[in-house]
Amino acid sequence: MNLWGAGLALDDLLPEVVSERCVHARMAQATCRACVDACPRSAWVLDEERLGIDAARCDGCGLCAPACPEGAVLEHWRPLRLRVNGVKVAFAACAEAKVDGDGTFVPCLHILGVRRLLELHRDGVGRLVLARGDCDACPRGGVVRLDRALGEVNLLLRSRGLPLVDSAFLPSAAWSAELAVARASHRPEEVGRRAFFRRVLTEATERAVDLAERDGEGMPCFVPPGRIVPRNGEGCLSLNAPRIDEAGCSGCDACVRLCPHEAIALTPEGYRLDPDGCTGCGICVDACNRGAVRVERLAADPQTLVPLATRRCRACGADFHLPAARPASARCPICAKTSHQRRLFQVLD
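What counts, and where the lines are drawn
The numbers attached to residues start from 1 for each chain and follow its sequence in the written order. Note on the predicted model: pLDDT of at least 70 is required for a residue's local features to be given, and 80 or more for side-chain atom pairs to be given and counted; whole-chain, interface and lining totals, by contrast, use all residues. The side-chain quantities take in all heavy atoms of the structure and omit both hydrogens and water. Strands are runs of DSSP state E lasting at least 2 residues, helices are runs of H or I lasting at least 4, and numbering of each runs from the N terminus. Only protein chains enter the accessibility calculation, which uses a 1.4 Å probe; a residue is then buried when its area is under 20% of its type maximum, exposed when over 50%, and partly exposed in between. Contacts are assigned to residue pairs with any non-hydrogen atoms lying within 4.5 Å of each other. Per-residue and other accessible areas were derived by the Shrake-Rupley procedure at a 1.4 Å probe size, with only the shown protein chains allowed to occlude residues. The pairing criterion is simple: DSSP has to find at least two bridges between the two strands. Axis definition: a line fit to C-alpha positions, over the contact stretch in the case of helices; interaxial angles, taken between N-to-C directions, run 0 to 180 degrees. In this scheme, a helix's expected span is set at 1.5 Å multiplied by one less than its residue total. In predicted models, pLDDT denotes the confidence assigned by the predictor to each residue on a 0 to 100 scale. We call a set of buried Ala, Val, Leu, Ile, Met, Phe, Trp, Tyr and Cys residues a nonpolar core when their side-chain atoms join them within 4.5 Å. An angle counts as roughly parallel when it lies under 35 degrees, as roughly antiparallel when it exceeds 145, as roughly perpendicular when it falls between 65 and 115, and as oblique in every other case. Each crossing gets its handedness from the near helix: less than a right angle anticlockwise from the far helix is left-handed, clockwise is right-handed. Ring pairs shown here join Phe, Tyr and Trp side chains whose ring centres sit within 6.5 Å, with only the six-membered ring taken for Trp; geometry is labelled stacked below 30 degrees between planes, edge-to-face above 60, and tilted in between.

1. Some remarks on the overall build of the protein chain
The secondary structure content of the protein chain amounts to 12 helices and 14 strands. The buried share of the protein chain, reckoned over its 349 residues, is 43%. Taking the contacts inside the protein chain whose residues are at least 6 apart along the sequence as the reference set, 67% of them involve residues at least 24 apart. Accessible surface for the protein chain amounts to roughly 19100 Å². Of this, 52% is attributable to carbon and sulfur atoms.

2. Observations concerning the sheet that holds strand E11 (residues 270-273)
Taken together, 4 strands build an open sheet; the order of strands is E10-E11-E13-E14 and the sheet is antiparallel. Sheet topology places strand E10 (264-267) and strand E14 (319-323) at the edges, where each strand pairs with a single neighbour. Adjacent strand axes in the sheet meet at a mean angle of 30°, parallel and antiparallel pairs treated alike. Examined bridge by bridge, E11 and strand E13 (residues 305-312) share 3 bridges and lie antiparallel to one another. Residue Gly270 lies in a different strand from E13, and its bridge partner there is Pro307.

3. What to know about unusual backbone geometry
If you check the backbone angles, Lys98 has positive phi at about 55° while not being a glycine. Relative to the assigned elements, Lys98 resides in the loop between strand E6 (87-93) and helix H5 (114-122). Phi is positive for Glu262, close to 55°, though the residue is something other than glycine. Tracing the sequence through the fold places Glu262 in the loop between helix H9 (254-258) and E10.

4. What to know about helix H7 (residues 172-185)
In an α-helix, one turn spans 3.6 residues, which is why side chains three or four residues apart end up on the same side. Here H7 spans 20 Å end to end across 14 residues, near enough to the 20 Å set by a 1.5 Å rise per residue. Lining the buried residues of H7 we find strand E5 (80-84), E6 and strand E7 (125-131).

5. A closer look at the confidence of the model for the protein chain
Chain-level statistics for the protein chain give a pLDDT mean of 84 and a share of 83% at 70 or above. With pLDDT under 50 throughout, residues 203-214 is counted as low confidence; its partners more than four residues away or in other chains account for 6 contacts. Contacts from residues 343-349, a stretch scored under 50 in pLDDT, to residues over four places away or in other chains number 1 contact.

6. Thoughts on the environment of Lys88
Tracing the sequence through the fold places Lys88 in strand E6. When its relative accessible area of 27% is taken as the criterion, Lys88 is described as partly exposed. Taking the C-alpha atoms as reference, Lys88 lies 8.9 Å from Asp123; in sequence the two are 35 residues apart. Among residues more than four places away in sequence, those in contact with Lys88 are Leu82, Arg83, Asp123, Gly124, Val125, Gly126 and Arg127.

7. A look at the nonpolar core
Counting residues in hydrophobic clusters, the biggest one holds 48 residues, and the most contacted among them are Phe91, Leu117, Leu118, Leu128 and Trp175. Those elements that place two or more of their residues in this core are E5, E6, H5, E7, helix H6 (146-159) and H7. Take this core: its biggest share by element is 6 residues, from H6.

8. Overview of the sheet that holds E5
Pairing within the open sheet is mixed, and its 4 strands lie in the order E5-E6-E7-E8. Taken across any chain shown, the strands that pair with only one partner, and hence form the sheet edges, are E5 and strand E8 (166-169). Taken over all neighbouring pairs, the strand axes of this sheet differ in orientation by 25° on average, direction set aside. Looking at chain direction, E5 and E6 are connected through 5 bridges and run antiparallel. Each bridged residue has a counterpart across the sheet, and for Leu82 the counterpart in E6 is Val89. Where H6 meets the sheet, its contacts fall on E7 and E8, and the angle it forms with E8 comes to roughly 160°.

9. Focus on the packing of H5 against H6
Helix-helix packing is described using two parameters, namely the angle between the two axes and the distance between the axes. At a closest axis distance of 9 Å, the pairing of H5 and H6 adopts a crossing angle of 50°. Relative to H6, the element H5 is oriented oblique. For the pair H5 and H6, the crossing hand works out as right-handed. Of the residues in H6, those in contact with Val114, Leu117, Leu118 and His121 of H5 are Leu146, Ala149, Leu150, Glu152, Val153, Leu156 and Leu157.

10. Description of the packing of aromatic side chains
The full count for this structure, using the stated rule, is 1 aromatic pair. With a centroid separation of 6.1 Å and an interplanar angle of 80°, the aromatic rings of Phe91 and Trp175 are classed as edge-to-face. Residue Phe91 is found in strand E6, and its partner Trp175 is found in helix H7; the two are separated by 84 residues along the sequence. As far as the burial class goes, Phe91 and Trp175 line up, both buried.

11. Digging into the side chain of His261
Turning to its location among the elements, His261 is positioned in the loop between H9 and E10. Given the relative accessible area of 15%, His261 is considered buried. Excluding residues within four positions of it along the chain, His261 makes contact with Glu70, Phe222, Pro224, Arg227, Gly277 and Thr279.

12. Here we look at H6
Taking 1.5 Å per residue as the helical rise, H6 with its 14 residues ought to reach 20 Å, and the 20 Å between its terminal C-alpha atoms agrees with that figure. Listing the buried residues of H6 in full gives Leu146, Ala149, Leu150, Glu152, Val153, Asn154, Leu156 and Leu157. Elements that come into contact with the buried residues of H6 comprise H5, E7, E8, strand E9 (238-244) and strand E12 (293-299).

This is the structure:
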């Protein structure tokens, strides 16, 4: 269905925002500007008091959705999927490709970001057939482009021993011709009774899985992109991977408390890092006042554990922990920062 030209009202094309997922709803000092920077029409407004969309500027292109690391922005666009010779094929053409008929399925191909590509791969789509205009001349071409997203996804899949995403960028006429052939071969065929019931059961199972993956308000549950495809043994790349500088970490646990997906968690062994749970949202980086946390992209050797050593503060008597690799400290981070011991000495004197 050609949503772009289907006569929908602008309100129907505006991206839907799940506000509780946004990093700014979780941390006032968050520095994320992904949606703002991705918008070609400057429709997103971010200041000290609010983050919102200027509906008069937004044209519903959806480019803010793949840019959001936490899936807080939802858009309506989906490529057309057809089964061709037993292979699921997804067709998508941008508004500037000027394809024949109702082939303009997305306003911009670049809304097919890393997350959407991984979801298509998970759902069994084996090939992408794409048509686009001149991205360099298009005002929407300044975002992270589909070519880069495809490259990152295939690097990730190759490291995990999974089939790569096969993609073909075709001229408009060739794209329309291949779409016509695919539609013709996708015509429903007569099936026997057993095959019919098998299909009904499969569709019912897929609907049940879809419902199970939604929250109490019916919204799709957010899964970090690194968890969409399986990790097979060692040597796998991580899409995003948090890394803690053990020499600079103060053991304050701020990153642990704020991480939305427990990509950094406190365990008896120390800080346990789960790179597949990291979305690259940057909350941990913003929360660390010592600059000891960073997020690596496509990490080949992600950090998974920072051992901690427990100590007792000589100033206040409280137990605290620090990375075991750091030199022993006589005072906890709070006392060290507030000079608690010095002030106590002055009072007793």
